[in-house]
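The chain contents come next:
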Amino acid sequence: MIHLHAVSKTYPPEQMALRGVDLKVQQGEFIFVAGASGAGKSSLLKLLFGAERSSTGEVLIGGRNMASVSADGIAKLRREIGVIFQDYKLLPRRTVLDNVAYGLEVLGVEARERNRLALLLLHAMGLQDRAEAYPVTLSGGEQQRVAVARALVRKPRLILADEPTGNLDQEMSRRVFDLLLEANSAGVTVVVATHNLSVIEQLNKRTVVLDRGKIIGDFAHAGRLRA
Ligand SMILES: Nc1ncnc2c1ncn2[C@@H]1O[C@H](COP(=O)(O)OP(=O)(O)OP(=O)(O)O)[C@@H](O)[C@H]1O
Ligand SMILES: [Mg+2]
């Protein structure tokens, strides 16, 4: 599903965010990308989503090489990806409901069904009462929950979640991870970037640790992480 080979990423003029990263993730895996602030977690996820291109090395998603895939190809690929950005990237001029339903519009789902599915997810995130609100009127945690609902509503094959619970309390984080685990049980590949060690330890999944752009550990289970 995901194959990175000798990938590095340098932001101009010379900010090295990733160095010599090799990583394989199979379809249906659940993995954490851990590491301190600035370690390169978001950069890695951006390469997987095609939001950034690698400076050297290869990024293959579902067999497609991100360096040579056309803009059209990237658009197609993104239809299969549910992404939760660290900064949410909600559409300010659309209501909460429309933010969540929008991705289904692109897939050609008709309006009534779009709204039904979007409301289901808003319900799961405890946001049904804010469906008609605009993002700017929401708290940070509420915006984050909208971003989670938007990523999940399309039933993607791959979920990329960048610090998806950074602004949420324990109860709400639990709900988000329950939804991610449920999707994963149904065969969805899930990649979660976080520096929250306690979440990683609780879920005890494969964990890749980044340090200053390099992978310094790849643990099948998080249990030994602190060792
Ligand atoms: N657009 C950019 N332009 C220049 N440098 C960048 C850019 N984005 C990230 N960087 C740099 O790349 C490095 C990795 O950043 P990245 O956002 O991937 O880290 P992170 O692990 O996601 O951190 P955090 O936990 O704080 O979200 C940092 O040194 C950062 O300053
Ligand atoms: Mg980040």
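Each chain has its residues counted from 1, following the order in which its sequence is written. Each chain gets a letter, beginning with A, and each ligand a number, beginning with 1, in the order they are written. Reporting of local features is limited, given that this is a predicted model, to residues whose pLDDT is at least 70; pairs of side-chain atoms are given and counted only at 80 or more, and all residues count toward the totals for whole chains, interfaces and linings.

The next point concerns the site of ligand 1. Put plainly, near means the residue's C-beta atom, positioned from the backbone, lies within 6 Å of the molecule or strand in question. Surrounding ligand 1, one finds 13 residues, the nearest of these being Tyr11, Ala17, Ser37, Ser42 and Ser43. At the level of elements, β2 (15-25) and α1 (41-49) are the ones that each hand at least two residues to the shell around ligand 1. Among the elements that take part in the shell around ligand 1, α1 stands out by supplying three residues, more than any other. Only Asp, Glu, Lys and Arg are considered charged in this grouping, and only Ala, Val, Leu, Ile, Met, Phe, Trp, Tyr, Cys and Pro are considered nonpolar; every other residue, Gly among them, is considered polar. In terms of residue class, the shell around ligand 1 is made up of three nonpolar, nine polar and one charged. Secondary structure elements are defined from DSSP: runs of H or I of at least 4 residues count as helices, runs of E of at least 2 residues count as strands, and each element is numbered from the N terminus.

Turning our attention to the pairing of strand β8 (residues 189-193). To assign burial, the other C-beta atoms lying within 10 Å of each residue's own C-beta are counted, with C-beta atoms placed from the backbone; 20 or more indicates buried, 12 or fewer indicates exposed, and intermediate counts indicate partly exposed. With five of five residues buried, β8 lies mostly within the body of the structure. Alternating positions in β8 separate into two faces, Thr189, Val191 and Ala193 on one and Val190 and Val192 on the other, with burial throughout. Two strands form a pair only when DSSP identifies at least two bridges running between them. When strand β3 (residues 30-34) meets β8, the two strands line up parallel, connected through four bridges. Directly across from Phe30, in β8, lies its bridge partner Val190. For strand β7 (residues 158-162) and β8, the ladder comprises five bridges, and the chain directions are parallel. Within β8, the position partnered with Leu160 by the bridge is Val191.

Moving on, we come to the environment of Pro156. Here Pro156 lies in the loop between α5 (140-152) and β7. Residue class for Pro156 comes out buried when judged on the 20 C-beta atoms lying within 10 Å of it. In the structure, Pro156 is positioned 122 residues away from Ala34 in sequence and 23 Å away in space, judged by C-alpha atoms. Remark: residues whose backbone-derived C-beta atoms lie within 7 Å of one another are considered to be in contact. What Pro156 contacts, discounting residues up to four positions off in sequence, is Glu80, Ile81, Gly82 and Val188.

The subject of this paragraph is the sheet that holds strand β1 (residues 2-11). Reading across the sheet, the four strands line up as β2-β1-β4-β5 and stay open at both edges, with antiparallel pairing between neighbours. Unpaired on one side and paired on the other, β2 and β5 (64-65) mark the two borders of the sheet. Looking at chain direction, β1 and β2 are connected through seven bridges and run antiparallel. Paired with Ile2 across the strands is Val25, a residue of β2.

Considered domain by domain, the chain is made up of domain 1 (1-80 + 156-227) and domain 2 (90-155). Look at where the C-alpha atoms of domain 1 and domain 2 centre, and you get two points 23 Å apart. Each partner contributes residues to the interface: domain 1 has 10 residues there, and domain 2 has 12 residues. It is helix α6 (residues 170-185) that provides the largest number of residues to the side of domain 1 that touches domain 2, a total of four residues. Class assignment of the residues belonging to the side of domain 1 that touches domain 2 gives a composition of eight nonpolar, one polar and one charged. An automatic or database domain assignment supplies the start and end points of every domain.

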